[in-house]
Structures are given as structure tokens and as C-alpha cells.
Amino acid sequence: MIQLKPNNDIEYKGFILTESGINAVGSPTLKQWELVGEFIKRSHKSVKFWQGDWLNYGEDTYPEWSQYFDESEPGADELRKEKWVAKRIPQDRRHPQLSWSHHEEVADLEPEEQERMFSVALENKLSIHKFRKLVSAYQIHLDLPELPEEELQKTDPEVFAKVQEIINSSIHTVELLESLDWQSVHKDAKDFLMSHIKKALGFYLDVLKDHDKQKSLSKAVV
């Protein structure tokens with residue numbers, strides 16, 4: 001049983017969990033130690049959704065909710081992100097087998113696209129690093145024309161491999177650009193770079209249009 005202390009410390013299975021660490025109460029058993037570890041892991045995995053749902057419920061229910069969300073406090077940006085992701089991906093579409101970061105990566109996609117990405121992640125047991133590459137590739141491909149099946153024919157596998165390397169490098173370049181602090185760079189500069197990279201990707205995808213593996217690009221990026 002979990003007990004909340006007057007100072008908001010948590011007592012569970014022979015341990016006290018404080019803001020700065022945990023302390024044993026008496027001599028907890030190995031089983032108690034294991035259970036506390038599971039509690040910590042589950043809490044760490046779920047707390048961002050808890051906070052997001054909490055903020056969304058407050059916004060939807062109480063007119064005074066905003067006074068509990070100080071925009072100037074440290075971590076406000078992270079709370080805002082948690083609130084947004086929780087709203088974009090409601091509980092019935094969350095996957096406990098995937099991390100918060102997996103959900104965050106696809107929050108700006110449409111529900112059916114999110115499910116498609118989740119299915120690939122679950123089926124292939126993708127780490128967040130590989131999943132992030134997959135989602136980036138998918139978002140880039142959204143801006144490119146899709147090739148109908150009848151246009152795909154066999155071509156030199158070496159050509160496919162080389163072009164795939166170029167595409168992966170281009171995707172990595174986009175990831176680097178997106179990670180930059182654009183506050184100090186004019187927006188037109190970012191748009192210019194992104195536009196030309198996507199045009200280059202379009203060109204290299206055209207090289208692949210006679211190859212029957214073009215439809216498997218998402219798997220190649222994983």
C-alpha cells in the first residue's frame with residue numbers, strides 16, 4: 001500500500017521516496033526492494049502522461065486551472081509539451097510497450113498515421129533512435145510523390161544501395177537542421193535549406209522509381 005506523508009514523501013514497501021532520493025525503513029526484504037524498483041520504473045515511464053492528462057483535465061474542468069501552471073517556472077516548456085502530447089494521443093491509443101518518447105515523435109501526425117508508425121515500432125521492437133529516423137523519413141516522404149506499383153521494375157541493386165545511402169544521409173542532415181537553435185537564424189534560411197534538401201531527395205527517389213524495392217524505403221532506414 002502506498003502512503004503519502006504530510007511532507008508529500010511517499011512510503012512504499014519498506015522505503016521512503018523523497019524529492020532527493022529513497023531511504024529504507026527498517027530492513028526491507030529482497031522482494032520489497034524489487035517491488036519498489038518496479039514502482040519507480042512504471043512511475044518514470046508514465047509520469048509525463050500523468051502530468052499531461054492532469055493539465056488537460058484541469059483546463060477542461062476548472063476555470064481557475066491556469067493558476068496551477070506557471071508559464072515562467074522552470075520546466076514549463078516540458079509541461080506544455082506533455083499536455084500537448086497527451087491531448088494528441090488519448091489513453092485508448094497509447095501503447096504501454098512503447099516509451100513516452102515514441103509517442104512524442106508522432107504526436108503531430110494524424111491518428112491513422114500514428115497507429116501505422118506504432119505498429120512498425122512494435123513489430124520491429126524499434127529503439128527510440130531508430131524510431132525517430134523512421135518517423136523523419138516518413139515525414140519527408142509525405143512531401144514527395146508516391147510511385148504507383150506498376151511503375152516499379154527491377155534495376156541494379158548497387159544503384160539502389162548507393163542511392164539509399166544518399167537518402168539516409170539527407171535524412172540525417174534534416175535531423176541536424178531541426179536540432180539547431182533557429183531563434184538566432186532567419187526563418188527564410190531554414191526554409192531554403194529544407195526545401196533544397198527535399199528537392200534533392202525527390203531527385204534521388206526518382207532514380208529509384210524503376211526499382212521494386214522503393215516501397216521498402218522505410219524498412220531500409222530502420
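Asks: Explanation requested: the confidence of the model for the protein in the structure shown.
Replies: Caution applies to low-pLDDT parts of the model: their predicted coordinates are not meant to be read in detail. When pLDDT is averaged across the protein, the result is 76; 65% of the residues are at 70 or more. Confidence over residues 143–153 falls short of pLDDT 50; this stretch has 24 contacts with residues more than four positions distant or in other chains.

Asks: Help me understand unusual backbone geometry, please; the structure alone is not making it clear to me.
Replies: With a phi angle near 50°, Lys13 is a residue other than glycine that sits in the positive phi range. Assignment of secondary structure puts Lys13 in the loop between β2 (10–12) and β3 (15–17). Not every positive phi belongs to a glycine, and Lys125 is a case in point at roughly 50°. Along the chain, Lys125 falls in the loop between α4 (111–124) and α5 (128–141).

Asks: Before we go on, may I ask you to explain the sheet that holds strand β4 (residues 22–24) in this structure?
Replies: Sheets are built from strands that pair by backbone hydrogen bonding, the pairs being arranged parallel or antiparallel. The strand order β1-β2-β3-β4 describes an open sheet built from four strands, whose pairing is antiparallel. In this open sheet, the two edge strands, each paired with only one partner strand, are β1 (3–4) and β4. Relative to β2, β1 is paired through two bridges, and the arrangement is antiparallel. Its bridge partner being in β2, Gln3 is matched across the sheet by Glu11.

Asks: What is the right way to read the pattern of salt bridges from this model?
Replies: If the charged atoms of two oppositely charged side chains come close together, the side chains can form a pair. Under the counting rule described, the total for this entry stands at 11 salt bridges. Where Glu11 meets Lys5, a salt bridge forms, and the shortest distance between an N and an O atom there is 2.7 Å. Its relative accessible area of 29% is what places Lys5 among the partly exposed residues. Taken together, the shared-partner salt bridges in this structure form one network comprising Lys48, Glu78 and Glu82.

Asks: Help me understand helix α1 (residues 30–61) in this model?
Replies: Helical geometry note: an α-helix holds 3.6 residues per turn, so side chains three or four residues apart project in the same direction. Helix length check: α1 (32 residues) gives 43 Å between terminal C-alpha atoms against 46 Å at 1.5 Å per residue, within 8%. Of all the residues in α1, the buried ones are Val36, Ser43, Phe49, Gly52, Leu55, Asn56 and Gly58. Contacts from the buried residues of α1 go to β2, β3, α2 (76–88) and α3 (100–106).

Asks: Honestly, the side chain of Arg94 in this entry has me stumped. Any pointers?
Replies: As for its position among the elements, Arg94 is in the loop between α2 and α3. In this structure the side chain of Arg94 is engaged in a polar contact, spanning 2.7 Å, whose partner is the backbone oxygen of Ile89. Other than its neighbours up to four places away in sequence, Arg94 contacts Phe49, Asp53, Ala86, Ile89 and His103.

Asks: Got a minute to help me understand the nonpolar core in this structure?
Replies: Grouped burial of nonpolar side chains is what soluble globular proteins tend to show. If you look at the biggest cluster of nonpolar residues, it comprises 17 residues, and the most contacted ones within it are Val85, Ile89, Val106, Met117 and Phe131. Ranked by the residues each element gives to this core, the list is headed by α5, at four residues. If near-sequence neighbours (up to four positions away) are discounted, Val85 is found in contact with Phe49, Trp100, His103, Glu104 and Ala107. Counting residues in hydrophobic clusters, the runner-up holds five residues, among them Leu55, Trp65, Phe69 and Ala76.

Asks: How should the packing of α1 against α2 be read in this particular structure?
Replies: The relative placement of two packed helices is expressed as an angle between their axes plus a distance between the axes. Between α1 and α2, the least distance of the axes is 7 Å, while the angle of their chain directions is 80°. Taken together, α1 and α2 sit at an angle that is classed as roughly perpendicular. Judged by residue contacts, Lys48, Phe49, Gln51, Gly52, Asp53, Leu55, Asn56, Glu59 and Asp60 of α1 engage Glu78, Leu79, Glu82, Lys83, Val85, Ala86 and Lys87 from α2. Classifying every residue of the contact of α1 with α2 gives five nonpolar, three polar and eight charged.

Asks: Would you mind showing me how to read the packing of aromatic side chains here?
Replies: Any aromatic ring pair is given by two values, namely how distant the centres are and how the planes are angled relative to each other. Taken as a whole, this structure holds three aromatic pairs when the rule is applied. Judged by centre distance (5.1 Å) and plane angle (40°), the rings of Tyr12 and Phe39 are tilted. Separated by 27 residues along the polypeptide, Tyr12 in strand β2 and Phe39 in helix α1 bring together distant segments of the chain. Ring centres of Phe49 and Trp100 lie 4.9 Å apart, and the angle between their planes is 75°; on these two criteria the pair is classed as edge-to-face.

Conventions used here
Residues numbered from 1 in each chain as written. Predicted model: local features only at pLDDT ≥ 70, side-chain atom pairs only at ≥ 80, totals over all residues. Heavy atoms only, no water. pLDDT = per-residue confidence, 0-100. Contact = heavy atoms within 4.5 Å. Helix = DSSP H or I, 4+ residues; strand = E, 2+ residues; numbered from the N terminus. Pairing = 2+ DSSP bridges. Salt bridge = Lys/Arg side-chain N within 4 Å of Asp/Glu carboxyl O. Buried < 20%, exposed > 50% of the residue type's maximum accessible area, 1.4 Å probe, protein only. Expected span 1.5 Å × (residues − 1). Polar contact = N/O pair within 3.5 Å; in protein donor to acceptor, adjacent residues only side chain to side chain. Core = buried A, V, L, I, M, F, W, Y, C linked by side-chain atoms within 4.5 Å. Axes fitted to C-alpha atoms, helices over the stretch in contact; angles between N-to-C directions. Parallel < 35°, antiparallel > 145°, perpendicular 65-115°, else oblique. Nonpolar A, V, L, I, M, F, W, Y, C, P; charged D, E, K, R; others polar. Phe/Tyr/Trp six-rings, centres within 6.5 Å; stacked < 30°, edge-to-face > 60°.

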